[in-house]
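# Coordinate inspection notes
Spelled out, the chains give:
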Amino acid sequence: LMPMYRTLPKNTHGNLERRSLRYLAYRYFHQKSALVIRGFEPTRPVNDSAWGAADILSEQVPGIVESVFESQHALEHGFDLQDAVQMVAALEQLIFDSESQLLEKIYGLQHKPLQRPLSEQGLGQVLEAYMAIWMAGDEVTPYLGKSRELAQIFPHWDKIVHFAHGQVSALNYQRQHQRKLSTGTSGGNALLSRYSFEDAHAVVGTITSSFASFWESECREMKRKLSTLDRQHTGRVPLSKFYGKSLTDSEWRFGESESYLRDLGALDETSWLGKQVIIPNYIQGANNCIVAASHYMVCCINECEPIMAEIETAVGAPLARPQQLLELVGNLTLADDDGVKLDTALVAQLESIASANGGQVPIHGRLFAQWLHYVFPRDCAFPHKAGAAQALSPTQYGEGYLASDNEIETHAKDTSAEVPLATMAKEELQWMSQWSHDEELIASYDGLLAGPQQASGASKVVIAAGFIMFILAGLIGVVGFNRKAPNSDFLLPSHGKTHFV
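Residues numbered from 1 in each chain as written. Predicted model: local features only at pLDDT ≥ 70, side-chain atom pairs only at ≥ 80, totals over all residues. Heavy atoms only, no water.

### Comments concerning the overall build of the protein
Helices and strands together make up the secondary structure of the protein, namely 20 helices and 10 strands. Looking at the protein as a whole, 54% of its 501 residues qualify as buried. Sequence-distant contacts in the protein: of pairs separated by 6 or more residues, those separated by 24 or more amount to 73%. Split by element, the accessible area of the protein, about 20600 Å² in all, is 51% carbon and sulfur. (Helix = DSSP H or I, 4+ residues; strand = E, 2+ residues; numbered from the N terminus. Buried < 20%, exposed > 50% of the residue type's maximum accessible area, 1.4 Å probe, protein only. Contact = heavy atoms within 4.5 Å. Areas by Shrake-Rupley, 256 points an atom, 1.4 Å probe, with all protein chains shown as cover.)

In structure tokens, the structure reads:
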């Protein structure tokens, strides 16, 4: 927490405002395990006196906030680092408790007493049922224990099961290692092959924290396919090519409707080339979170997170001089890049942000997030202004989340952007047409900014009540869906959105 905490603006008492504490908790879980806690999503409205999350963890967190953080001292002075630690610990405990509740439910469905140790086979049965309900909800309950049916619902069910059993193998290794340390021998012990409810819970906990890493190959494959269509490295793919990929490659992905893409914030409609899908906003969107538990979601790992984390560590303050940021960002390298290219337009944009803020750049502002998007257009999501996009899951969005076959074919036939993209230079394409000069800050910078609007009347500085920016987030939602899933009742992402490589 410390690198983030140091760079967030503080009040006159040197503490965080409520919005900043909420943002810190969101960043922590997304950074650690690609978990998005319900109620902490970047687009959820908040203000100075409310957490903006009546449904956070089934209304359990507000109670904890009331008892732990709503002291008169906190209300008057704000929140310090220890408060942030307590918030994270409380959320981790609530996640732990939600896992326990689902695990108890599985034991009950399989008529396994909680007090009776399980064999490895019995634990495997529990974990397979747990994974199915964890990923798809109660609707799959009639199919538990039926491998063929589950494989139809989850096309990569065998790999998911293998992952779950791998966590048991890791537990076995840990237990054997501990036994060897305590007794000096790793000899067999019948108790090592028996598993208590607490052991099962420990395995489930590792599944929660590591599943995003396991699933990351799928997210990377989606990004790879879209990146092959992004010839100019703008982080954008013409909508025609987006849908064309679905048709020409028999690709199950990329079937979201134009209206759904727009509401997700994954559609750029400012270019003269026509409508374009923004790669990082799409990858990090609501449609690509693979697990939607009742209290949290498991989403694609945010590839902008390590970039921002390195900036926070190096800067160590809420504001930074543009030259410092240019040197720092210019020396960063990404796995799929030879190096960062900072052209004159990008340098000028950063300097304009600084000139509007007394010569320094608020590193947790929307404008800096926007600048990072254009420096790393395939990795950092475009940060929309407050209220411009919605974090809606396909279930929440409704029937129109999928494009019809006719819509896909119509868009795919539009080849008007192909010649310009193939023959014109990146700068000629006016690829930064989506740039907006409106600033939105995560909290008050009173006393930090020398002159927030002195040099640029075009910049509108607001503290975004209701908008914890998309600096490292994009839009986060729930489960993605298959356009032509064999069993559409379950509306799973795993059939249409998955391909292991």
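### A short note on the sheet that holds strand β4 (residues 276–278)
Strand order in the open sheet made by the three strands is β2-β4-β3, with antiparallel pairing throughout. This sheet does not close on itself; its edge strands, each paired only once, are β2 (236–238) and β3 (267–268). When β3 meets β4, the two strands line up antiparallel, connected through two bridges. Bridge assignment links Asp268 to a residue of β4, and that residue is Gln276. (Pairing = 2+ DSSP bridges.)

### Some thoughts on the packing of aromatic side chains
Tallied over the full model, the rule gives 20 aromatic pairs. Judged by centre distance (6.3 Å) and plane angle (25°), the ring pair of Tyr130 and Trp134 falls under stacked. One end of the pair is Tyr130 and the other is Trp134, both in helix α6 (residues 120–136) and four residues apart, which spans about a single turn. In terms of burial, Tyr130 and Trp134 fall into one category: buried. (Phe/Tyr/Trp six-rings, centres within 6.5 Å; stacked < 30°, edge-to-face > 60°.)

### Overview of unusual backbone geometry
Non-glycine residue His111 carries a positive phi angle of around 55°. With relative accessibility at 69%, the residue His111 sits in the exposed group. Of note in the backbone geometry, Gln430 takes a positive phi value of approximately 50° without being a glycine. Tracing the sequence through the fold places Gln430 in the loop between α19 (418–423) and β9 (438–441). Residue classification places Gln430 among the exposed positions, given a relative accessible area of 52%.

### Focus on the nonpolar core
One finds Met131, Trp134, Phe211, Phe242 and Tyr282 to be the most contacted residues of the largest nonpolar core, which totals 93 residues. Ranked by size, the runner-up nonpolar core spans 31 residues in total, among them Ile307, Met308, Val329 and Leu332. (Core = buried A, V, L, I, M, F, W, Y, C linked by side-chain atoms within 4.5 Å.)

### Digging into the state of the cysteines
The final tally for this structure, using the stated rule, is three disulfides. Cys289 shares a disulfide with Cys299; S-S distance 2.1 Å. Given an S-S torsion of about 95°, the disulfide between Cys289 and Cys299 has right-handed geometry. With a gap of 10 residues between them, Cys289 in the loop between α12 (279–283) and β5 (291–292) and Cys299 in the loop between β6 (296–298) and α13 (305–315) connect regions that are remote in the sequence. Classification of Cys299 by relative accessible area gives buried; the value is 5%. (Disulfide = S-S within 2.5 Å.)

### Some thoughts on the pattern of salt bridges
Charged atoms that come close allow side chains of opposite charge to pair. One pass over the structure, following the stated rule, counts 18 salt bridges. Among the salt bridges present, the one from Asp268 reaches Arg236, with a minimum N-O distance of 2.7 Å. One end of the pair, Asp268, is in strand β3; the other, Arg236, is in strand β2, with 32 residues separating them in the sequence. The exposure classification of Asp268 matches that of Arg236, with both residues buried. Beyond isolated ion pairs, a larger network of salt bridges with shared partners links Glu216, Arg220, Lys223, Glu303 and Asp379. (Salt bridge = Lys/Arg side-chain N within 4 Å of Asp/Glu carboxyl O.)

### Some words on the side chain of Gln167
Structurally, Gln167 is set in helix α8 (residues 157–183). Judged by relative accessible area, which is 17%, Gln167 ranks as buried. When neighbours within four sequence positions are excluded, Gln167 is seen to be in contact with Val203, Thr206, Ile207 and Ser210.

### Description of the packing of α6 against helix α9 (residues 197–227)
Packing of α6 against α9 brings their axes to within 11 Å, and their N-to-C directions diverge by 40°. Here α6 is positioned oblique relative to α9, judged by the angle of their axes. Crossing geometry of α6 relative to α9 is assigned as right-handed. Contacts from Leu123, Leu127, Tyr130, Met131, Trp134 and Met135 in α6 reach Ala200, Val203, Val204, Ile207, Thr208 and Phe211 in α9. Within the contact of α6 with α9, the residues separate by chemical class into 11 nonpolar, one polar and no charged. (Axes fitted to C-alpha atoms, helices over the stretch in contact; angles between N-to-C directions. Parallel < 35°, antiparallel > 145°, perpendicular 65-115°, else oblique. Left-handed = near helix turned anticlockwise from the far one by under 90°. Nonpolar A, V, L, I, M, F, W, Y, C, P; charged D, E, K, R; others polar.)

### Remarks on the confidence of the model for the protein
On average, residues of the protein score 81 in pLDDT, and 78% of them are at 70 or above. Overall, residues 452–501 carries pLDDT values under 50, and its contacts beyond four positions in sequence, including any with other chains, amount to 203 contacts. (pLDDT = per-residue confidence, 0-100.)

### What about the environment of Leu392?
You can see Leu392 is positioned in the loop between α16 (366–375) and α17 (394–397). For Leu392, the contacting residues outside a window of four places in its chain are Tyr260, Leu264, Ala286 and Tyr397.

### With respect to the packing of helix α5 (residues 81–109) against α6
Interhelical geometry of α5 versus α6 gives an angle of 120° and a closest axis separation of 10 Å. With respect to each other, α5 and α6 are oriented oblique. As α5 packs across α6, the resulting crossing turns out to be right-handed. Along its contact with α5, which presents Glu99, Leu102, Leu103, Ile106, Tyr107 and Leu109, the element α6 presents Val126, Ala129, Tyr130, Ile133 and Trp134. Class assignment of the residues belonging to the contact of α5 with α6 gives a composition of 10 nonpolar, no polar and one charged.

### Notes on the sheet that holds strand β1 (residues 35–37)
As summarised here, the arrangement of the three strands in space is β1-β6-β5, forming an open sheet in which the pairing is antiparallel. Either end of the sheet is taken by a strand with one partner, and the two such strands are β1 and β5. Where β1 and β6 come together, three bridges link them in antiparallel fashion. Each bridged residue has a counterpart across the sheet, and for Val36 the counterpart in β6 is Met297.

### What about α9?
Taking 1.5 Å per residue as the helical rise, α9 with its 31 residues ought to reach 45 Å, and the 45 Å between its terminal C-alpha atoms agrees with that figure. In α9, a bend of some 50° at Ser210 exceeds every other bend along the element. (Expected span 1.5 Å × (residues − 1). Bend = angle between axes of the 7 residues up to and from the residue.)

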